[in-house]
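Okay, here's what each chain looks like letter by letter:
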Amino acid sequence: MNYKKLLKSKKFKIAIWGTGYIGLSTMVYFSKEKIKCVGYDIDRKKVRKINSGILPQADLKNWFGFDITKLVKNNYLKATSKYSELISENFLAHFIAVPTEKNGKPYFKALFDVLSKISKIRGKNIKIPPIIVVESTLAPKVSDKKIIPFFKKKKLKLGQDILFSVAPRRDWFIEGVKNLKNLDRVYGSTDIKSAKVAKDVLSIVCKKLHMASSYKVSEMVKSVENAYRHMDITLANQLSLAFPKDNMREVLKLVGTKWNLETFHPGIGAGGYCIPLSSRYILSQVRDNNKLTLLRETIKTDDRMNLLVARSIAKKGYKKIGVLGLSYKGDLKVSVLSKVIPLVNALRKNRLNVKLFDPYFTSKEIKNILGVKTFKFPNDLTKFDCVIVSVDHKKFKIPAIKLKKYLKNCKYIIDHDGAWKNYNLKNNYHISGDSGWI
Ligand SMILES: NC(=O)c1ccc[n+]([C@@H]2O[C@H](COP(=O)([O-])OP(=O)(O)OC[C@H]3O[C@@H](n4cnc5c(N)ncnc54)[C@H](O)[C@@H]3O)[C@@H](O)[C@H]2O)c1
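By convention here, each chain's residues receive numbers from 1 onward along its written sequence. Note on the predicted model: pLDDT of at least 70 is required for a residue's local features to be given, and 80 or more for side-chain atom pairs to be given and counted; whole-chain, interface and lining totals, by contrast, use all residues.

### Looking at the overall build of the chain
Now for step 1: Each helix is a run of DSSP H or I of at least 4 residues and each strand a run of E of at least 2, with the numbering of both proceeding from the N terminus. A tally of regular secondary structure across the chain gives 15 helices and 15 strands.
Now for step 2: Relative to the compact-globule value of 22 Å for 438 residues, the chain shows a C-alpha radius of gyration of 24 Å, a close match.
Now for step 3: Projecting the C-alpha coordinates of the chain onto the three principal axes gives extents of approximately 70 × 50 × 40 Å.
Now for step 4: Residues with at least 20 other C-beta atoms within 10 Å of their own are called buried, those with 12 or fewer are called exposed, and the rest are partly exposed. The C-beta atoms themselves are positioned from the backbone. Here the chain holds 438 residues, and 44% of them are scored as buried. Within these notes, the globule rule equals 2.2 Å times the number of residues to the 0.38 power, and the radius of gyration is based on C-alpha atoms.

Given below as structure tokens:
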């Protein structure tokens, strides 16, 4: 049975559980291939927006590069807050894209809520077994320790009643080309039938698939690839701490010109869903942590960076700190595990007066997340003696003459992503990792 053909016939649909960045992008890419997609979300506001053709995450507009209204109008894209709509033989594939982490730790509530709902297909006398594709990030061994025993408990036979594949995502929601279609996709399944069907379904959108020998491998790939990045970024930080008087930023930039190396730059630490968690996910499954001392040290140094930056600013005697950016990456509204959060906390612990501006967050959101007030950009920059630019949101790049005027009282700048690197600022400007930045 060719699931690709069946889905293309329009008699069958794809169900997506969770319509955030990952789930919505799955829905949009499959529906663009004229496959009917229905996304379920507990967030009714999101559901309403999607059904009106509005992107709940406005920052995804640039990434997609096209409008979703037509897809909604032509009935290819639909969202619902009634999960029972997805429990029928019309759905050949169930993509899971709900959060699997909370406060920096693996989190299973949403995942098992969704799996319980999907497992209700058991009583429905379904002839073609549907495939579950887990796109959410799983820590190594979660499938073996939790998901597969769950199916057993529900009396669902893998490869027979239900098919199962783990296919983690790698998208980079900042650059449109790094998307579901173009990026290499690894997937691994529980049995031969699941592997064949996963390929059938994923190949509708993904151009380059790599089949792992099992779900255990694809599950681990996600954490290991990010743990490598975590370690590399942290080595850049350790180097800059070990040689504070040298321009490690420049050294690392030139190191990256070697054919088999990449450039990693020092900063306030690694943020976002994936990288800071990867090393923790791996360590959480290892009995003897001494076997992975590199990852242990990575976490320790990475978590300490914000404290060291805050301490160095306090030691230099600056009192009024303006922070630009809460997101963990430029032009994205994601504050999950953003290193700006512990940085602001550390600055406040050092009794410094901190305010933060981020064009993607309202003053209420900033207050809720950080407990500090926002300020007017660029006008209020005059009020600070130290400015930290933590991400390179486009909105921060105002004309140089204007910026210099507002920075007239600022005596120290740390620019993490180099948003102002070409402005020739005289206010003791430092790009993170250069000589004397910390
Ligand atoms: N965003 C990324 O860059 C990225 C990259 C790779 C992997 N991931 C992984 O993908 C998963 C989802 O991430 P995201 O960025 O899409 O998150 P998100 O917060 O943008 O979206 C998650 C969605 O799931 C919904 N949800 C929560 N509980 C639910 C439930 N019980 N039933 C149905 N819907 C529920 C939320 O309302 C939300 O709309 C996570 O495991 C994350 O680690 C994310």
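### Examining helix α6 (residues 109-118)
Now for step 1: Listing the buried residues of α6 in full gives Leu111, Val114, Leu115 and Ile118. One side of α6 holds all its buried residues, which, seen down the axis, span an arc of 100 degrees. Turned more than 90 degrees away from the buried face of α6 sit Lys109 and Ser116, all of them exposed.
Now for step 2: The elements touched by buried residues of α6 are β1 (13-17), β4 (91-96), β7 (131-134) and α7 (142-153). The directions from the helix axis to the C-beta atoms form the arc being described. By definition, residues are in contact whenever their C-beta atoms, placed on the basis of the backbone, come within 7 Å of each other.

### A look at the domain arrangement of the chain
Accessible area lost upon the coming together of the parts serves often as the stated size of an interface.
Now for step 1: Here the domain parsing of the chain yields domain 1 (3-213) and domain 2 (225-431).
Now for step 2: Delimitation of the domains relies on an automatic or database domain assignment. Just the C-alpha atoms count here: the centres of domain 1 and domain 2 sit 33 Å apart.
Now for step 3: Contact residues are listed per partner, giving 11 residues for domain 1 and 14 residues for domain 2.
Now for step 4: Classification convention: Asp, Glu, Lys, Arg as charged; Ala, Val, Leu, Ile, Met, Phe, Trp, Tyr, Cys, Pro as nonpolar; all other residues, Gly among them, as polar. Considering only residue class, the side of domain 1 that touches domain 2 consists of five nonpolar, three polar and three charged.

### Description of the packing of α7 against helix α9 (residues 215-242)
Now for step 1: Where α7 meets α9, the axes come as close as 10 Å, and the angle between the chain directions of the two elements is 125 degrees. Put simply, α7 runs oblique to α9. From α7, Val142, Ser143 and Asp144 reach across to α9, where they touch Tyr215, Lys216 and Glu219. Note on geometry: axes are lines fitted to C-alpha atoms, helical ones only across the stretch in contact, with angles between N-to-C directions running from 0 to 180 degrees. Throughout this description, any angle smaller than 35 degrees is read as roughly parallel, any larger than 145 degrees as roughly antiparallel, any in the 65 to 115 degree range as roughly perpendicular, and the remainder as oblique.

### A few points about unusual backbone geometry
Glycine aside, residues mostly have negative phi angles, and peptide bonds mostly take the trans form.
Now for step 1: With an omega of 0 degrees, the peptide bond between phenylalanine 377 and proline 378 qualifies as cis.
Now for step 2: Locating proline 378 in the fold gives a position in the loop between α14 (363-370) and β13 (386-389).
Now for step 3: Phi angles above zero are rare outside glycine, and asparagine 75 is one such case at about 70 degrees.
Now for step 4: Its identity as a non-glycine residue notwithstanding, aspartate 331 has a phi of 55 degrees, on the positive side.
Now for step 5: Here aspartate 331 shows up in the loop between β11 (320-324) and α13 (340-349).
Now for step 6: On the neighbour-count criterion, aspartate 331 (17 C-beta atoms within 10 Å) is partly exposed.

### Some points on the site of the ligand
Now for step 1: For the ligand, the set of nearby residues contains 28 residues, the closest of which are Gly18, Gly20, Ile22, Ala110 and Ser136.
Now for step 2: The set of elements that each furnish at least two residues to the shell around the ligand consists of α2 (21-32) and α6.
Now for step 3: Grouping the amino acids of the shell around the ligand by side-chain chemistry returns 13 nonpolar, seven polar and eight charged. For each residue, a C-beta atom is placed from the backbone, and the residue is labelled near a molecule or strand when this atom is within 6 Å of it.

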